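The residues making up each chain are set out below.
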Amino acid sequence: MIETPALPDGYEFSADTARVDVDRVHGWLSSDAYWAIGRSREKHERAMASSINFGVYDTTSGEQVAYARVVTDQALFAWLADVYVDPSVRGKGVGTAFVGRIRDHLKPYGLRRVLLATHDAHGVYEKLGFRPLDRPDRWMIHLFE
């Protein structure tokens, strides 16, 4: 497995949902994340309740600087979703180290695959072993209108 880079000094990873700053995360996603623009607070809280939630925090201030969640059966499959890094810390290696720690957190489950979708962050995920689907023609989606 590809080694996970260290988080930059001054930042820590956590899988403790109680630490998530729900107001901050909802604000990021509902106003700045192309995939979640306009998401209601209620819908975001329901998504969090059915997910494993992760964060990166500034060790001095305690402020949350990144968020992601994983939907999984904890046996075969996981979906990495809502990965967001605050603009103030982008470009410092926080995102790559964060996703690597999430991947490492999931490894003991013995999952067969972790799936994600991205419009613009392929390079971040490729550094950690993610790749395009071998057979995208086998995958289908149903969208509720």
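Residues numbered from 1 in each chain as written. Predicted model: local features only at pLDDT ≥ 70, side-chain atom pairs only at ≥ 80, totals over all residues. Heavy atoms only, no water.

## What to know about the side chain of H26
- Relative to the helices and strands, H26 resides in helix α1 (residues 22-32).
- Looking at H26, its side chain comes within polar contact range of the main-chain nitrogen of R41, at 3.1 Å.
- If sequence neighbours within four positions are ignored, H26 has contacts with S31, R39, S40, R41 and H44. (Helix = DSSP H or I, 4+ residues; strand = E, 2+ residues; numbered from the N terminus. Polar contact = N/O pair within 3.5 Å; in protein donor to acceptor, adjacent residues only side chain to side chain. Contact = heavy atoms within 4.5 Å.)

## A closer look at the nonpolar core
- Residues V56, L80, V94, I102 and Y125 are the most contacted members of the largest nonpolar core, which totals 26 residues.
- Excluding residues within four positions of it along the chain, L80 makes contact with A68, R69, V70, V99, I102, V114, L115, L116, Y125 and F130. (Core = buried A, V, L, I, M, F, W, Y, C linked by side-chain atoms within 4.5 Å. Buried < 20%, exposed > 50% of the residue type's maximum accessible area, 1.4 Å probe, protein only.)

## A word on the environment of V124
- Note that V124 resides in helix α4 (residues 122-126).
- A sequence separation of 39 residues divides V124 from V85, and the C-alpha atoms of the two residues are 12 Å apart.
- Setting aside chain neighbours within four positions, we find V124 in contact with G95 and T96.

## Considering the sheet that holds strand β4 (residues 77-85)
- What the five strands build is an open sheet, ordered β1-β2-β3-β4-β5; its pairing is mixed. Pairing within the sheet leaves two strands with one partner each, and these edge strands are β1 (11-14) and β5 (113-115). Along the sheet, successive strands turn relative to each other by an average axial angle of 20 degrees, direction set aside.
- Relative to β5, β4 runs parallel, the two sharing three bridges. Within β5, the residue paired with A78 across the bridge is V114.
- Its contacts with the sheet place helix α3 (residues 94-106) against β1, β2 (52-58), β3 (64-72), β4 and β5, and it is angled at close to 140 degrees to β2. (Pairing = 2+ DSSP bridges. Axes fitted to C-alpha atoms, helices over the stretch in contact; angles between N-to-C directions.)

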